[in-house]
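A closer look at the structure
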Amino acid sequence: MAIWNLGSINIDHVYRLDSLPRPGETLASRGYAVGLGGKGANQSVAAAQAGARTRHLGAMGMRDRWVRERLRDAGVDIAGVQRLPDHVTGHAIIMVDATGENSIIIDPAANRSLDEAQLLEDMAEMAAGDLLLIQNETSCQLAAAKAARARGARVLYSAAPFDLAAVRAVLPEVSILAMNEVEAAQLFDAMPGDLPVEGLLITKGSKGAEYRDLKTGQVHHQPAFPVTAADTTAAGDSFAGYFAAALDEGAAIPAALRLAAAAAALKVTRQGAGDAIPTRAEVEAFLADQPN
Ligand SMILES: Nc1ncnc2c1ncn2[C@@H]1O[C@H](COP(=O)(O)OP(=O)(O)O)[C@@H](O)[C@H]1O
Ligand SMILES: [Mg+2]
């Protein structure tokens, strides 16, 4: 089977500052790093490094060859990544002060300008049993989800960044809805009652994660692995990508949760987003070291 991921590709520009700039203020940076980010790219890197056949669907500008190489090096098939001549690649300006507080600007750019006809053409080989991942940082989620369901594929939707209108629109096509605790609270507030999906994946940071099987009513709990957190960026994306890859391998929910929690825990020990997601070998070695 294969994992398809319609997802954002961002270039993260991270600036270290003594303090965050106030209106009208100009500050010199203490450090600068550039890396691969975007929820979509992060999830594709995670799924591919977990070992799943992963095909990314998305869009970027005409430049930034290193981004495509980074995705390819992680094992992601990027034939479905559109190159848009009139847009730049999505990017984020991330400012971090001495206490770790941040301010972030995201320019979605190409991510929100996908050519829908091209996207649907690129999905032609999607087959029954495949899994489509979507999030809220691109355009065309609903069209892609409908096309996936029509082919017998399942849809795993990360409702992030949270957007109620987007959730309402795609929910009828979703198989598994994934959220962090904050997003889940927003959703349950806005949409009390039963959700029309087969499962809910709720991650709770250092408190772990749970999967609610809405067909049987069973709830699976997964504690977080105790680690020293250096940077929690992309924890949820590492979790989602590894969880999807485990399901794609045919793993049962408890095993998929455990693998995903280990991958996310390891990610949290490292600085960065897409570049800091661990490989399957690293995750297996980490799990082998755990007392239970
Ligand atoms: N401090 C931490 N220690 C260990 N694991 C963590 C930590 N923070 C996050 N994780 C793991 O990453 C998963 C996703 O984190 P969470 O914060 O819920 O998602 P998001 O990144 O979307 O906000 C958690 O369920 C947990 O398994
Ligand atoms: Mg979080």
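The name given to the protein chain in an unreviewed UniProt entry is Ribokinase, with the source organism recorded as Paracoccus tibetensis. Quoted verbatim from the Function (unreviewed entry) heading of the UniProt record, the comment on the protein chain is "Catalyzes the phosphorylation of ribose at O-5 in a reaction requiring ATP and magnesium. The resulting D-ribose-5-phosphate can then be used either for sythesis of nucleotides, histidine, and tryptophan, or as a component of the pentose phosphate pathway." Word for word, the UniProt comment on the protein chain under Catalytic activity (unreviewed entry) is "D-ribose + ATP = D-ribose 5-phosphate + ADP + H(+)".

**A closer look at the overall build of the protein chain**
Looking only at helices and strands, one finds nine helices and 13 strands in the protein chain. The C-alpha atoms of the protein chain give 18 Å as radius of gyration, which agrees with the globular expectation for 292 residues (19 Å, within 12%). Principal-axis analysis of the C-alpha atoms gives the protein chain an extent of 55 × 50 × 40 Å. Residues classed as buried in the protein chain amount to 52% of the 292 residues present. Contacts spanning at least 24 positions in sequence make up 60% of the contacts within the protein chain whose residues lie at least 6 apart. Per element, the accessible surface of the protein chain, about 13100 Å² overall, is 51% carbon and sulfur. Taking the 26 positively charged and 35 negatively charged side chains of the protein chain as two groups, their mean positions are separated by 1 Å.

**Some points on the pattern of salt bridges**
By the definition in use, this model includes 13 salt bridges. In this structure, glutamate 125 engages arginine 55 in a salt bridge whose closest nitrogen and oxygen atoms are separated by 3.2 Å. Separated by 70 residues along the polypeptide, glutamate 125 in the loop between helix H3 (116-122) and strand E8 (131-134) and arginine 55 in strand E4 (residues 54-60) bring together distant segments of the chain. Here arginine 280 makes a salt bridge to glutamate 284, at a shortest N to O gap of 2.7 Å. In this pair, arginine 280 and glutamate 284 are both assigned in helix H9 (residues 280-288), four residues apart and thus about one turn of the helix distant. The exposure class assigned to glutamate 284 is partly exposed, which follows from its relative accessible area of 36%. It is possible to trace a salt-bridge network through shared partners that takes in Lys204, Glu210 and Arg212.

**Some remarks on the UniProt feature "domain: Carbohydrate kinase PfkB" (unreviewed entry) in the protein chain**
In the numbering used here, UniProt assigns the "domain: Carbohydrate kinase PfkB" (unreviewed entry) feature to residues 6-279. Strand forms 26% of residues 6-279 and helix 31%; the C-alpha atoms that close the span are 21 Å apart.

**Details of the site of ligand 1**
As a matter of local geometry, ligand 1 sits amid 17 residues, with Asn180, Thr203, Gly205, Gly208 and Gly236 nearest to it. Within the side chain of threonine 203, an N or O atom sits 2.7 Å from an oxygen atom of ligand 1. With respect to ligand 1, the backbone of glycine 205 contributes an N or O atom lying 2.8 Å from an oxygen atom. Considered on its own, ligand 1 offers 550 Å² of accessible surface; in the complex 83% of this is hidden by protein. Broken down by secondary-structure element, the contributors of at least two residues to the shell around ligand 1 are helix H7 (235-248) and helix H8 (253-268). The class makeup of the residues in the shell around ligand 1 is 10 nonpolar, six polar and one charged.

**Considering the side chain of aspartate 248**
Assignment of secondary structure puts aspartate 248 in helix H7. The charged side chain of aspartate 248 is buried without a salt bridge, its nearest counter-charge being arginine 154 at 8.2 Å. Leave out the neighbours within four places in its chain, and aspartate 248 touches Met1, Ala2, Ile3 and Ala52.

**Regarding the UniProt feature "binding site: ATP" (unreviewed entry) in the protein chain**
Residues annotated by UniProt as "binding site: ATP" (unreviewed entry) correspond here to Asn180, Thr203, Lys204, Gly205, Ser206, Lys207, Gly208, Gly236 and Asp237. As for its position among the elements, asparagine 180 is in strand E10 (residues 176-180). Take asparagine 180: its relative accessible area is 29%, and that puts it in the partly exposed class. The residues contacting asparagine 180, other than those within four sequence positions of it, are Ile202 and Thr203. A polar contact of 3.1 Å, which involves the side chain of asparagine 180, links it to the backbone nitrogen of valine 182. On the secondary structure map, aspartate 237 appears in helix H7.

**What about the sheet that holds strand E6 (residues 90-96)?**
With mixed pairing, the four strands of this open sheet are ordered in space as E3-E2-E6-E7. If you trace the sheet from one side to the other, it starts and ends with strand E3 (31-37) and strand E7 (102-107), each paired once. Across the sheet, the mean angle separating the axes of adjacent strands is 15° when strand polarity is ignored. Of the pairings in the sheet, the one linking E6 to E7 comprises six bridges and is antiparallel in character. In the strand pairing of E7, methionine 95 is matched with serine 103. Along the sheet, helix H2 (residues 65-73) makes contact with strand E2 (10-16) and E3, crossing E3 at roughly 55°.

The rules behind each value
Residues numbered from 1 in each chain as written. Chains lettered and ligands numbered in written order. Predicted model: local features only at pLDDT ≥ 70, side-chain atom pairs only at ≥ 80, totals over all residues. Heavy atoms only, no water. UniProt positions renumbered as here; feature names shortened; annotations may be inferred. Helix = DSSP H or I, 4+ residues; strand = E, 2+ residues; numbered from the N terminus. Rg over C-alpha atoms; globule rule 2.2 N^0.38 Å. Buried < 20%, exposed > 50% of the residue type's maximum accessible area, 1.4 Å probe, protein only. Contact = heavy atoms within 4.5 Å. Areas by Shrake-Rupley, 256 points an atom, 1.4 Å probe, with all protein chains shown as cover. Lys, Arg positive; Asp, Glu negative; His and termini not counted. Charge placed at Lys NZ, Arg CZ, Asp CG, Glu CD. Salt bridge = Lys/Arg side-chain N within 4 Å of Asp/Glu carboxyl O. Near = heavy atom within 4 Å. Polar contact = N/O pair within 3.5 Å; in protein donor to acceptor, adjacent residues only side chain to side chain. Nonpolar A, V, L, I, M, F, W, Y, C, P; charged D, E, K, R; others polar. Pairing = 2+ DSSP bridges. Axes fitted to C-alpha atoms, helices over the stretch in contact; angles between N-to-C directions.

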